[in-house]
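Descriptive structure summary
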Amino acid sequence: MSGPVTLSVAAAYDLWALDYDGFDNPMVFAAAHALSQASLSLTQKTCLEFGCGTGRNLAALAARGATRLVGFDLSSAMLVQATKRDTSWTLFQADVSAAIALPDQSADFILFSLTLEHVAELKSPLREARRLLRAGGTIKIIEIHPFMSLQGISAHFKAKDGTEVTMPAFAHPFQDWMAGFTEAGLRVDGLKEWRACDLGPDAAPKILRRGPDWPWLVDWTLSPA
Ligand SMILES: C[S@@+](CC[C@H](N)C(=O)[O-])C[C@H]1O[C@@H](n2cnc3c(N)ncnc32)[C@H](O)[C@@H]1O
C-alpha cells in the first residue's frame, strides 16, 4: 500500500468505475435517497444527467416512468458501466463545462448529482442546462453540502491495492450557487439541506457519525426564471 495519490477527474473515475456502485459511500447513499424522495412527474419524459457516471440515477428515473434517458460523463469507464445497465439510453462522453452537443430545449428533467464538486466554475454548466431545458421543465442539483466541502472533504476512494485516491474538487458556497442560478436565468423552486437524520432508517452508522443534524447534501430544485 502506498500514500494517497491525486489523479485527474477522468483518470480517477476511470479507476473507480468498476467498483463505484458497490462502494460503501455515504454520499452516494445520501444522494440516492434524496433523488428517491423528489416529487417528480416523469412519465413519458426525457431526462438528461450531466455527469451520469454508472447510470444509477438514469435507472432510477427510468423506473419512475421516464422514457428517454440521456447522459454524458467525462469518464469513459463510468460510461461503459452505464451502457451495461441499458443499451437503449443515449450516452456520450463530454465535459459539463463545454458546449453540450444536444439541441436547445431537449430535456424535461435535468439532473446533476455529485458532479459539480469537480467543476471550478458553475456558470457554464448551469447556462447549458438552462439552454437544454424545455419550458415547464425542472433541473435538480444534488451536491455535497458547502459546510463539508469548505472543510476540505471531497470525493475519494480506495483503489484495489489500498491506495487512497483523491481528485480535484472545489467548494461552492451558497453565494456562488445563487450567482450561477441568476446568471443562467434559473429560479430556485426548492432548497433542501439533507441532514443525517433526514436520510431514513437505512442510513449507515457512517452517516450518523457526525451527529443527526449534520448536513450532508444540498438539493436544489430549479426552473426557468
Ligand atoms: C461522484 S460521481 C457521480 C456520478 C453520478 N452522477 C451519481 O450520482 O452516481 C461524479 C461523476 O461526475 C463525472 N464528472 C466530473 N467532472 C466532470 C466534468 N467536468 N464533465 C463531465 N463529467 C464529470 C465523473 O466522471 C463521475 O462520473
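Our structure's up above, just so we're on the same page.
The text that follows walks through the structure, step by step, so that each part is easy to find. Predicted model only: the values in this text are computed from it and were never measured.

Another aspect to go through is the overall build of the chain. On a plain count of helices and strands, the chain comes out with eight helices and 10 strands. Split into buried and exposed, the 225 residues of the chain put 38% on the buried side. Counting only contacts in the chain whose residues sit at least 6 apart along the sequence, the fraction spanning at least 24 positions is 69%.

Right, let's get into the site of the ligand. Surrounding the ligand, one finds 22 residues, the nearest of these being G51, G53, L74, S75 and S113. Breaking the shell around the ligand down by element, the ones donating at least two residues are α1 (9–20), α2 (26–36) and α3 (56–63). Classifying every residue of the shell around the ligand by side-chain character gives 11 nonpolar, eight polar and three charged.

Residues N57, L58 and L61 constitute the buried set of α3. Viewed end-on, α3 has its buried residues packed into an arc of 100°, placing them on one side of the element. Along its buried surface, α3 packs onto α2, β2 (46–50), β3 (68–73), α4 (76–85) and β5 (107–113). In the stretch just after α3, G65 is the one whose phi turns positive, near 105°.

Let's shift gears to helix α7 (residues 174–184). By the burial criterion, the buried members of α7 are W177, G180, F181 and A184. Seen from one end, α7 has its buried residues packed into an arc of 100°, which puts them on one side. The secondary structure elements touched by the buried residues of α7 are α5 (123–132), β9 (186–195) and β10 (215–224). Among the residues trailing α7, G185 stands out with phi positive, at a value near 80°.

Along strand β6 (residues 133–144), nine of the 12 residues are buried, which leaves the element largely enclosed by surrounding structure. Relative to β6, β5 runs parallel, the two sharing six bridges. Across the sheet, residue S113 finds its bridge partner in β6, namely I142. You can see the chain leave β5, run along α5 and come back into β6, and the turn it takes is right-handed.

Attention shifts here to the environment of G65. As for its position among the elements, G65 is in the loop between α3 and β3. In this structure the C-alpha to C-alpha distance between G65 and K45, which are 20 residues apart in sequence, comes to 7.5 Å. If we skip the residues at most four places from it in the chain, G65 touches L42, T43 and Q44.

Definitions and limits used
Residues numbered from 1 in each chain as written. Predicted model: local features only at pLDDT ≥ 70, side-chain atom pairs only at ≥ 80, totals over all residues. Helix = DSSP H or I, 4+ residues; strand = E, 2+ residues; numbered from the N terminus. Buried ≥ 20, exposed ≤ 12 C-beta atoms within 10 Å, placed from the backbone. Contact = placed C-beta atoms within 7 Å. Near = placed C-beta within 6 Å. Nonpolar A, V, L, I, M, F, W, Y, C, P; charged D, E, K, R; others polar. Arc of directions from axis to C-beta. Pairing = 2+ DSSP bridges. Right-handed = clockwise from strand over helix to strand, strands pointing away.

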